[in-house]
Each structure stands twice: as C-alpha cells, then as structure tokens.
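An overview of the molecular structure
The chain contents come next:
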Amino acid sequence: MRDPAIQDAPTAARDAPARSVFTSIQALRALAALSVVVFHAFQWIDDRYWVGAAGVDLFFVISGFIIWTVGAGPESRPATFFWRRLTRVAPAYWLVTGVVAVIAAVWPMFLPQVSLSPRHLILSLLFIQHTDPNGLVFPVLPPGWSLNYEAVFYGLFTLTLFAPQRARFALLIAGLCAIVAFGFADPPAYGLGANPMMLQFAAGAWLAWRRERGRRIEPGAGLVFAALGATAFAVMGVTHFRNEFFRPLLWGLPALMIVAGALALEAWRAPPRWLVALGDASFAIYLCHLVTVAATAHLIGVHPVWLFVPAATLASLAAGIGFHHGIERPLIRLCRGGWGSPRGLHRASI
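Just so it is clear, the model here is predicted, and its values are computed rather than measured.

Each helix and strand counted, the chain has 14 helices and zero strands in total. Put simply, the chain runs from its N terminus to its C terminus through helices and strands in the order α-α-α-α-α-α-α-α-α-α-α-α-α-α. Out of the 350 residues belonging to the chain, those deemed buried represent 55%. In the chain, once contacts between residues fewer than 6 apart in sequence are set aside, the share between residues at least 24 apart is 73%.

Tallying each qualifying case throughout the model produces 21 aromatic pairs. Summarising the aromatic geometry, the rings of Trp50 and Trp251 are spaced 5.8 Å apart at their centres and angled 15° between planes, so their arrangement reads as stacked. Taken as a pair, Trp50 in the loop between α2 (23-42) and α3 (55-71) and Trp251 in the loop between α10 (247-250) and α11 (252-264) lie far apart in primary sequence, 201 residues in all. With relative accessibility at 4%, the residue Trp50 sits in the buried group. Between Trp145 and Tyr149, the aromatic rings sit 5.2 Å apart at their centres with planes inclined by 85°, giving edge-to-face as the arrangement.

Taking a probe equal in size to a water molecule and rolling it over the atoms shows the remaining empty space. Reported here for the largest pocket is a volume of approximately 790 Å³. If you go around the largest pocket, you meet 30 residues; those closest to its centre are Val137, Phe138, Trp145, Glu244 and Arg247. Of the residues forming the lining of the largest pocket, the biggest block, three residues, is contributed by α2. For the second largest pocket, the lining is made up of 24 residues, of which Ala27, Leu28, Leu31, Ile258 and Ala262 are closest to its centre. Among the secondary structure elements, those contributing two or more residues to the lining of the second largest pocket are α2, α3, α9 (219-239) and α11. The element best represented in the lining of the second largest pocket is α2, accounting for six residues. When its residues are assigned to classes, the lining of the second largest pocket shows 19 nonpolar, three polar and two charged.

Next up on the list: the environment of Val100. Examined against the element boundaries, Val100 turns out to sit in helix α4 (residues 78-106). Distance from Val100 to Leu141, taken between C-alpha atoms, is 6.5 Å for residues 41 residues apart in sequence. The residues contacting Val100, other than those within four sequence positions of it, are Leu111, Val114, Val140, Leu141 and Val291.

Here we come to the nonpolar core. Within the largest apolar cluster, 85 residues are counted, with the highest numbers of intra-cluster contacts made by Val259 and Leu287. Of the residues forming this core, the biggest block, eleven residues, is contributed by α3. With residues near it in sequence (within four places) discarded, Leu287 still touches Ala92, Tyr93, Val96, Leu141, Leu147 and Phe323. Counting ten residues, the second-largest nonpolar core is a separate cluster that includes Ala41, Val302, Val309 and Ala312.

To continue, consider helix α13 (residues 282-300). Each turn of an α-helix holds 3.6 residues, which means side chains three or four residues apart point in the same direction. In a regular helix each residue adds 1.5 Å, so 19 residues correspond to 27 Å; α13 covers 25 Å between its end C-alpha atoms and thus fits that length. In terms of burial, α13 is largely enclosed, as 15 of its 19 residues are buried. In the stretch just after α13, Gly301 is the one whose phi turns positive, near 85°.

A grouping of Val102, Val106, Trp107 and Met109 is seen on the molecular surface, where their side chains present a nonpolar patch of about 450 Å² in accessible area. The topology assignment puts Val102 in helix α4. The exposure class assigned to Val102 is exposed, which follows from its relative accessible area of 52%.

Relative orientation of the contacting elements α4 and α13 amounts to 5°, with a least axis distance of 10 Å. On the basis of the axis angle, α4 is roughly parallel to α13. Residues Arg88, Val89, Ala92, Tyr93, Val96, Val100 and Ile103 of α4 form the contact with α13, whose own contacting residues are Phe283, Leu287 and Val291. Of the residues contributing to the contact of α4 with α13, the split by class is nine nonpolar, no polar and one charged.

Moving on, we get to the side chain of Glu328. Within the secondary structure layout, Glu328 lies in helix α14 (residues 305-335). Accessibility expressed as a relative area gives 1% for Glu328, which makes it buried. Among the polar contacts listed, one links the side chain of Glu328 to the side chain of Arg88, at a separation of 2.7 Å. Among the polar contacts listed, one links the side chain of Glu328 to the side chain of His324, at a separation of 2.7 Å. Ignoring anything within four residues of it in the chain, the contact list for Glu328 reads Arg88, Ala92, Phe283, Ala284 and Phe323.

Secondary-structure assignment places Ser282 in helix α13. Given the relative accessible area of 0%, Ser282 is considered buried. Apart from residues no more than four positions distant in its own chain, Ser282 is found in contact with Arg29, Ala30, Ala33 and Phe59.

Basis of the calculations
- Residues numbered from 1 in each chain as written.
- Predicted model: local features only at pLDDT ≥ 70, side-chain atom pairs only at ≥ 80, totals over all residues.
- Heavy atoms only, no water.
- Helix = DSSP H or I, 4+ residues; strand = E, 2+ residues; numbered from the N terminus.
- Buried < 20%, exposed > 50% of the residue type's maximum accessible area, 1.4 Å probe, protein only.
- Contact = heavy atoms within 4.5 Å.
- Phe/Tyr/Trp six-rings, centres within 6.5 Å; stacked < 30°, edge-to-face > 60°.
- 1 Å grid on protein atoms, 1.4 Å probe; cavity = no way out; pocket = protein on both sides within 12 Å on 5 of 7 lines; lining within 4 Å.
- Points joined across faces, edges and corners; volume = space filled by probe spheres on them.
- Nonpolar A, V, L, I, M, F, W, Y, C, P; charged D, E, K, R; others polar.
- Core = buried A, V, L, I, M, F, W, Y, C linked by side-chain atoms within 4.5 Å.
- Expected span 1.5 Å × (residues − 1).
- Patch = residues over 30% accessible without salt bridge, like charges linked within 9 Å, V, L, I, M, F, W, Y side chains within 5 Å.
- Areas by Shrake-Rupley, 256 points an atom, 1.4 Å probe, with all protein chains shown as cover.
- Salt bridge = Lys/Arg side-chain N within 4 Å of Asp/Glu carboxyl O.
- Axes fitted to C-alpha atoms, helices over the stretch in contact; angles between N-to-C directions.
- Parallel < 35°, antiparallel > 145°, perpendicular 65-115°, else oblique.
- Polar contact = N/O pair within 3.5 Å; in protein donor to acceptor, adjacent residues only side chain to side chain.

Written out as structure tokens, the structure reads:
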C-alpha cells in the first residue's frame, strides 16, 4: 500500500520503500486526537483526565517527524512546501474559527471560554499567538493554540529549505533552540509559544533524520519504548504528578518514546485499518471536537459522566470524520487547483 503523503515528498524519498507508508503514525494520530477529545469532555466536569492533553505533545513529535520526512529532500522548494502546508491546515481552520466566532456572538454561553474582539479574531486567523480579551493565551478556537506553534515550526522549516541540504537539520535545531531561548528574554515570551515545547518538533525531526541514515530501532526495542512511554503517562495520571513548566520534558520524552516505538513496529504488524482511517481524519476531529462536545453537553447534560463522556467522544469522532470527507478534503483540493483526484493530499501530517 502506498501512502498519498509520499506525493509531497521529494523524489529521493519516494524512491525509498521504507518511507512509503507510516500507518503507525496514522494510528498514533488517531489515539492522540481521541485523548484530546476525552480530555476536553472531562473538562466540562472536572480536571481528572488532565493527562489527556498530552495528545498534543504526541502531535508535535509526529509533526516534526513528518515535516522532515516530506520536506527535507534535495528537490524541496520553499514556496511549494509553504503553500502545501498552508492549504493543508488553514482553510479548514479558518472555516471552523468562523463558525465558532458566529456561535460566540449569537450564543455566548454555548462556549463560555470563548471571547471575541476584532483584534482577537484577526490574530487568531493569522496563527499569531496572543492573549484573548480575558487575558488567556488562546485563539478564538481554543485548541488552535497548538496550530500557532505548528505555524512557527512550518515557517522556520521553510526558511531552512533555502539552505544547502546538508545544513538544514543543524539549522532547524538551532532555530528551534533560539526560539526557546527567546522565550526566557525580558519580557518573557514563554507563554506565547517561545518555550521548550518547540523542542518536541526537534525530537520528531531527529527521528526522521536518523531514519534517513538507516538508523532503525528493532521491533522488540520499539515495543519496550512504546510501553515505557505509555506507562509514564499512566503513572503521571494516576499519581497526579503534574508540572506545566517541565511539561516539554515530562510529556515530551514519553511522547518521543511512543512515536519511536510505533515507527519500529511499523514493519512488524500493521495497525487496524479503522484506526488508520481515524488517523486520516484526526485533524478534522481536532478542529471540530470542541463545538461537538459543547453541543453534547447542552443537549444531554454532563451527568451522569458515564453517559456524557462516551456520547461526546463518539459525536466528536463522527463529526470529525464527516468534516474530513465532506469539507476538509474538498477544500484542500479546491485550494490546490481543482476538485479532481485527491492525489497529493497529506495523509500523515497534522
């Protein structure tokens, strides 16, 4: 089976069979999206499932891996890479942000965490991290804060494509480290995205860089890595051990272990097709779930918990799958020049 994402990779990468499919990555994206959905469902009740937010850390490591894989070859062109990233992410995000803005204006209590102002809306659409009218660092669509981080990473990666291929990895890592260092300047920009979470992209890119050079992890070791990473998250969830300042390390390292383990298991056993298909729709699920969870809460209430959380989760998955096939994919095709064949659409990218 050939992954459509490989159409975005340079010729050298397309000629490498080992890179032609990453079903394990798609399965992980599905699990990461599911974790975030359940996290936000529980937030309507309490904070007991706070560790579910680590799905975003998984996304960041995966994004670093995929972006390096599809964009670091010798035939990459900065303008082409940037345009494909923009058309992959922005149209769907802008549409959902517009819907949330309309809902917040008409029914403010539907999403009580959303506030509006012209400045807030414009900066949100431009993927610029900022504080909202309530002083919180969230865009109009609150989960979009992670896309603001992604936008910085995409921009930095685009700049590295102007450099000789042999220098790109070093420049990418140096650039991400510089962004992190800037976050501790005076005044600090730590809360606005210039923080060590950016190094999770570096971790994913490092995995891809190693893979390019034939440095693979054996399936047995990969299983151990994935198990250790999952156990670390489980232990933190059970013991309530939490430190937001050290989140990039406490959550980033287990996320890296899980992604590395999944990649090692790629050739051993393929994940279920339904999980891979769910991973294909993970970005749409991520975009749509906040509204869907809120609609479920207003429709059936948040108690009993055993009914609300599964109902909100299933509704979010259904809405995301529908949005992916009915709106997201056609939008990408339209922005890239037509309504024809979906060849070239990113599959394994956020």
